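# Residue-level structural notes
One letter stands for each residue in the lines below.
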Amino acid sequence: MPIGNLDIILIAVTTASACALPGVFLVLRRMTLMSDAISHAILPGIVLAFFLTHSLSSPLLILAAGATGVLTVVFVELLQKTKLVKEDAAIGLTFPALFSIGVILISRYASNIHLDIDAVLLGELAYAPLNRLEVFIADLNPLLLYVILHIQVQLQGYFSFSFDLGPMSLYVMGVLLVLNLAFIMIFYKELKLATFDASLAATLGLSPVLIHYGLMTLVSMTTVGAFDAVGSILVVALIVGPPATAYLMTDNLTRMLILSVVIGCVNAVIGYWFAYISNVSIAGAIASMTFIVFVLVFLIVPNRGLIAITRRHIRQKWEFAQTMLVIHLFNHEGLPEAEAESEVAHLHEHLQWEPTFASRVVRYALNNRYVSQKAAQLILTDRGRTIAQQALVQ
Amino acid sequence: MQALDSKAIEVTDLTVAYQETPVLWDIDLDVPPGVLLAIVGPNGAGKTTLIKAILGLVRPAAGNVLIYNKPYATQRRIVGYVPQRGSVDWDFPTNVLDVVMMGRYGALGWIKRPGSRDRELAMHALEKVGMENYTTRQISQLSGGQQQRVFLARALVQDATIYLMDEPFQGVDATTERAIISLLQELRENGKTVVVVHHDLQTVTDYFDWVTLLNIRRIASGPVKDTFTSENLRETYGGRIAFMKNR
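Structure report, in brief. For every chain, the first residue of the written sequence is number 1, and numbering continues from 1 onward in sequence order. To label them, take the chains in the order written and letter them from A, then take the ligands in the order written and number them from 1. The model is predicted, so local features are restricted to residues of pLDDT at least 70 and side-chain atom pairs to those at 80 or more, both for listing and for counting; the totals for chains, interfaces and linings are taken over all residues. Only hydrogens and water are set aside; all other atoms, that is, all heavy atoms of the structure, feed into the side-chain values.

## Digging into the overall build of chain B
Each helix and strand in chain B was counted, giving nine helices and nine strands. Only the C-alpha atoms count toward the radius of gyration. The rule for a globule is 2.2 Å times the residue count to the power 0.38. For chain B, the C-alpha radius of gyration of 18 Å lies close to 18 Å, the compact-globule estimate for 247 residues. For every residue, the accessible area obtained with a 1.4 Å probe (protein chains only) is divided by the maximum for its type, and the residue is called buried under 20%, exposed over 50%, and partly exposed between those limits. For chain B, the proportion of its 247 residues judged to be buried stands at 54%. Only heavy atoms matter for contacts: two residues are in contact if any of them lie within 4.5 Å across the pair. Expressed as a percentage of contacts within chain B between residues at least 6 apart in sequence, the contacts between residues at least 24 apart total 68%. In the form shown here, chain B has an accessible surface area of approximately 11000 Å², with 46% of it arising from carbon and sulfur atoms. Charge-centre separation for chain B: the mean point of 27 positive side chains lies 3 Å from the mean point of 27 negative side chains. For the purposes of this entry, the term helix denotes a DSSP run of H or I that reaches at least four residues, the term strand denotes a run of E that reaches at least two, and both are numbered from the N terminus. The Shrake-Rupley method, run with a 1.4 Å probe sphere, supplies the accessible areas, and residue values consider only the shown protein chains as cover. Residues counted as positive are Lys and Arg, residues counted as negative are Asp and Glu, and His and the chain ends are not counted. To locate a charge, take NZ of a lysine, CZ of an arginine, CG of an aspartate or CD of a glutamate.

## Details of the overall build of chain A
If you tally the helices and strands in chain A, you get 18 helices and five strands. Taking all 394 residues of chain A together, 46% fall into the buried category. Once local pairs closer than 6 in sequence are excluded, the contacts in chain A between residues at least 24 apart make up 68%. Accessible surface for chain A amounts to roughly 19800 Å². Of this, 67% is attributable to carbon and sulfur atoms.

## A look at the interface of chain B and chain A
Contact with chain B, which involves 30 residues of that partner, is made by 32 residues of chain A. The term buried area refers to how much accessible surface (probe radius 1.4 Å) is lost by two components on association, counted for both of them together. Both sides together, the interface formed by chain B and chain A hides about 2700 Å², and carbon and sulfur atoms give 63% of it. Of all residues in chain B, the largest losses of buried area upon contact with chain A belong to F92, P93 and W110 of chain B, amounting jointly to 26% of the total for that side. Any Lys or Arg side-chain nitrogen found within 4 Å of a carboxyl oxygen on Asp or Glu counts as a salt bridge. Inspection of the region where chain B meets chain A yields three salt bridges. Ionic pairing is found between K192 of chain A and D98 of chain B, a salt bridge with its closest N-O pair at 2.6 Å.

## Some words on the sheet that holds strand β2 (residues 21–31) of chain B
Residues and elements named next belong to chain B. Strands were regarded as paired on the criterion that DSSP finds at least two bridges between them. Taken together, the three strands give an open sheet; going across it, the order is β2-β1-β4, and neighbouring strands pair in antiparallel fashion. Because the sheet does not close on itself, it has two edges, and the strands there are β2 and β4 (62–67). Averaged over all pairs of adjacent strands, the angle between their axes in this sheet comes to 20°, without regard to strand direction. With seven bridges connecting them, strand β1 (residues 9–18) and β2 associate as antiparallel partners. For V16, the partnering residue across the bridge sits in β2 and is L24. In this description, a line fitted to the C-alpha atoms serves as the axis of each element, helices being fitted only across the stretch in contact, and the angle between N-to-C directions of two axes falls anywhere from 0 to 180 degrees.

## Brief notes about the packing of aromatic side chains
Aromatic rings from Phe, Tyr and Trp, taking only the six-membered ring of Trp, are treated as a pair when their centres fall within 6.5 Å; an angle between ring planes under 30 degrees marks them as stacked, one over 60 as edge-to-face, and anything in between as tilted. Tallied over the entire structure, the rule returns 13 aromatic pairs over all chains. For the ring pair F169 of chain B and Y207 of chain B, a centre distance of 5.7 Å and an interplane angle of 45° mean the geometry is tilted. Taken together, the residues span a long stretch of sequence, with F169 of chain B in the loop between β6 (162–166) and α6 (174–189) and Y207 of chain B in helix α7 (residues 204–207) at a distance of 38 residues. This pair shows no difference in class: F169 of chain B is buried, exactly as Y207 of chain B is. Counting every residue linked through ring pairs, the aromatic cluster contains F196 of chain A together with W90, F92 and F151 of chain B.

## Topic: the packing of helix α13 (residues 282–300) of chain A against helix α14 (residues 306–332) of chain A
Residue and element names in this part refer to chain A. Their axes nearest at 4 Å, the elements α13 and α14 cross at an angle of 25°. Viewed along their axes, α13 and α14 adopt a mutual orientation that is roughly parallel. From α13, F298, L299 and I300 reach across to α14, where they touch L306, I307 and A308. As a working rule, the residues Ala, Val, Leu, Ile, Met, Phe, Trp, Tyr, Cys and Pro are called nonpolar, Asp, Glu, Lys and Arg charged, and the rest polar, with Gly in that last group. Looking at the contact of α13 with α14 residue by residue, the class counts come to six nonpolar, no polar and no charged. To sort the angles, those under 35 degrees are grouped as roughly parallel, those over 145 as roughly antiparallel, those from 65 to 115 as roughly perpendicular, and the leftovers as oblique.

## Side note on the sheet that holds strand β3 (residues 36–40) of chain B
All names here are of chain B. If you walk across this open sheet you meet the six strands as β5-β6-β7-β3-β8-β9, and the pairing is mixed. Each edge of the open sheet is held by one strand with a lone partner, namely β5 (79–82) and β9 (217–223). Taken pair by pair, the neighbouring strands of this sheet meet at an average axis angle of 15°, ignoring direction. As paired strands, β5 and β6 are joined by four bridges and run parallel to one another.

## Quick look at unusual backbone geometry
In most cases, non-glycine residues show a negative phi, while peptide bonds are predominantly trans. The phi angle at Q352 of chain A is positive, at roughly 60°, despite the residue not being glycine. Topologically, Q352 of chain A is positioned in the loop between α16 (347–351) and α17 (355–367).

## Overview of the environment of L6 of chain A
Along the polypeptide, L6 of chain A turns up in helix α1 (residues 3–28). In this structure, the C-alpha to C-alpha distance between L6 of chain A and H348 of chain A, residues 342 residues apart in sequence, is 67 Å.

## Details of the pattern of salt bridges
Residues and elements named next belong to chain B. All told, the structure shown has 15 salt bridges over all chains when counted by the stated rule. For K7, the salt bridge goes to D30, with nearest N and O atoms at 3.7 Å. Residue K7 is found in the segment before β1, and its partner D30 is found in strand β2; the two are separated by 23 residues along the sequence. In this structure K7 comes out as partly exposed when scored by relative accessible area, which is 27%.

## Quick word on the pairing of β6 of chain B
Residue and element names in this part refer to chain B. Taking burial as the measure, the five residues of β6 include five buried ones, the bulk of the element. Neither face of β6 is open: one carries I162, L164 and D166, the other Y163 and M165, and all of them are buried. Direction of pairing for β6 relative to strand β7 (residues 193–197): parallel, over a ladder of five bridges. Bridging from a neighbouring strand, I162 pairs with T193 of β7. Handedness rule for crossovers: strands pointing away from the viewer, path from the first strand over the helix to the second running clockwise, crossover right-handed. Handedness of the β-α-β unit built from β6, α6 and β7 comes out right-handed.

## Quick word on the nonpolar core
Grouped together as the largest cluster of nonpolar side chains are 129 residues, with contacts concentrated most on M165, F169 and L184 of chain B. Considering every element that reaches this core, the biggest residue donor is helix α11 (residues 208–247) of chain A, with 16 residues. Excluding anything up to four places from it in sequence, L184 of chain B contacts L36, M165, F169, V194 and V196 of chain B. In these notes, a set of buried Ala, Val, Leu, Ile, Met, Phe, Trp, Tyr and Cys residues joined through side-chain atoms within 4.5 Å is what counts as a nonpolar core. With 29 residues, the next largest nonpolar core counts V65, V79, V195 and V197 of chain B among its residues.

## Quick look at the packing of helix α3 (residues 43–53) of chain A against helix α4 (residues 59–81) of chain A
Residues and elements named next belong to chain A. The geometry of α3 relative to α4 is characterised by a closest axis approach of 8 Å and an angle of 150° between their N-to-C directions. Where α3 crosses over α4, the handedness of that crossing is right-handed. Within the contact between the two elements, α3 uses P44, G45, I46, A49, F50, L52 and T53 and α4 uses L60, L61, A64, A65 and T68. Of the residues in the contact of α3 with α4, the class split is nine nonpolar, three polar and no charged. Here is the rule for handedness: rotate from the far helix to the near one, and if that takes an anticlockwise turn smaller than a right angle the crossing is left-handed, while a clockwise turn gives right-handed.

## Description of the environment of G284 of chain A
Residues and elements named next belong to chain A. Along the chain, the position of G284 falls in helix α13. Looking at G284, the relative accessible area reads 25%, which means it is partly exposed. Between the alpha carbons of G284 and Y272 there is a distance of 9.4 Å; along the sequence they are twelve residues apart.

Pasting the structure below:
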C-alpha cells in the first residue's frame, strides 16, 4: 500500500473522531441543523481570512471560520428571540445569507485562485495528503524531530534539508481532535448538565451560555478543519451520523461518546476501502457508509431496533389474540353452551375472526399448551386457566 | 427558627414582561424562614415566572429579589430548585444516580468532578425519596412519580436552606403525593423554607401553612388560615372558581 493511502486513512479517521465528539452534544441538544448551518455559513470567514493571508493552510482561516460560526449561532438566536421567526426558519435564513456572501466574494475577487466552490462544497480527501507540512532544518533540531516523528528526510538542493512532517490536514485535524477531547474531558460535567437541564445549570452558577458558545466555537473550528478533507456538506454526515448511531446503542453518555468515535472511525476506514476498490469519491463513500451503518444499527440493535420492535409487535399481536381465545373459553367453561363455543371448526364465527387467523391462533395456543384439543373441542389447560384469570383480574 | 425580622425571600416591586406583555405586575412578597408556602393562581398567573425570577432565570423589567438580604448570585449555594418535570428530555442517556449527583455540581463548582462523597450524598437522598433501588435505572424507564422523586432527591443533595419547587405534584399518583408532602413537611420541621407552585386548591389547607395568591398581581400572601379565604380566592380566580368552602 503506498504511503499516500495510509495518510488518507489517518486523515479520515482523525477527522471522523474530531467531528463525532462535539456531534454527540449537538444530537442530544437537538441542534444538528445548526451544524449544517455553521458548515456553510463559515465560508465568508474563510474567504476573508484567505484574502488576508493568501494561504489556505493558515491557522487564521480556522480562527476566522470559528468566529463566523459563532456569529451564525448569534444571528440565529437573535432572529429567534424576536419570536417572529421559528428556529428552523431562522437557521434557513441565516446560513444561505452568509454562505452567499462567501460565494460572491470568491466569484468577484478570487475566481482565478485555488478556492473553487466545488472544493468547498465537496472537498477531496484524495488531495489532502498533497498539502504537506514542511519544516526547514534551521527552525528545529533535526535529530529530535527525526526521533519524535521519524518522517522521511528529503534532500532539497544544496545544504538545506527540509523535513516532511506529513500532510497538513492531519495536523490540523489532530490539533482539533485534541482540543475537542480536552474540552469535553475538562467540562464533561458542565456539558452534561447544560445539555440535560440548562435551568438547573444556570441556577447553580455553571453558565449554560458559556458552555453553549464554547461548544459552538469548537463545532465551527472542527467544521472548517474538516472542510479541506471532506467539504462542507459531508462534514455534517461526520458530525451527525456517528452520534445518532451511537444514541441508538447506549444509555450512557460516556459510552455514547466513545461509541461515536469508534463508529466514525469504522465508517471512515470502510468508506475509504470501498472508494479505493471501486474508484469513487472517498468523501462520498465515507458519507454513504455513515448512512448505511446507521440504517443497519437502526434495524438490528437489540431491544430498540426496528426489527426487535417489529418482532415484539408481532408477538404481542399473537399473544393478545391467544389471551382473547383463552378468556373466551374460560368464560364459557362448564356452562351448557361450552361445547358449542369451544368447537374448533366454529370458533372463528363466535369470535368474528378470519378462519385462517383463528386457526393460527389456535395453533399458537396449542403450542404454548394453554389449550388442548379433545376431539372437536378446545379445552383449557391449567396453565391457560391461570392466564385467563390473571388477565381478567388486571 | 431565625429571627422573625429576617426574611428568607424578599421580593420588591418585581415586574416581569415578555415583550411588552406583563407576566408579573409589581410583586411584593416576603417569605419568612421555616414556612411551607404554596403559590396558587390560575393558569397564566405567572407562578412559574415568579419562581424563575427569584432564581435569576428570567430578567425582571423592574424590581428586586433578595435571599436572606443578599442578591441571588451570592446565595446560590443555599437555594435548591426543582423544575417542572416536563422541562427536561428524559431520553437523555443517563441513569437515576447520575441525575441526583447533578445536584452536587453547584457545590463542586467548575471543572471539579464528583467523587465518592457526592455519590454517598446522592445515595442518601435517593433513600429519602424511596428510590434507592433504582440507582442504575435509565431515566426514560421511570414513571412520572419516580421522575418527580428523582428531581426531589437531586434538590435534597444540594442541602439548601430554601427550596423552590415548580409543581412537584404534577402527574404523580396519590401515594407519591403523600410521600412528597411528608418529605416537604420534614424539611420545614428542620427549619428549611419551602416554596411550592401548587395547582390543587383542595389540598392547600392540609399541606401548607403559608400561601401566596397570585394572578399577575399579588392578591394576598400570609398564613393559610388568614389568607386562604373565599374572598381572596374569588379575587384571584375571578368568577371562574367553582370551589368554595369555608374553613
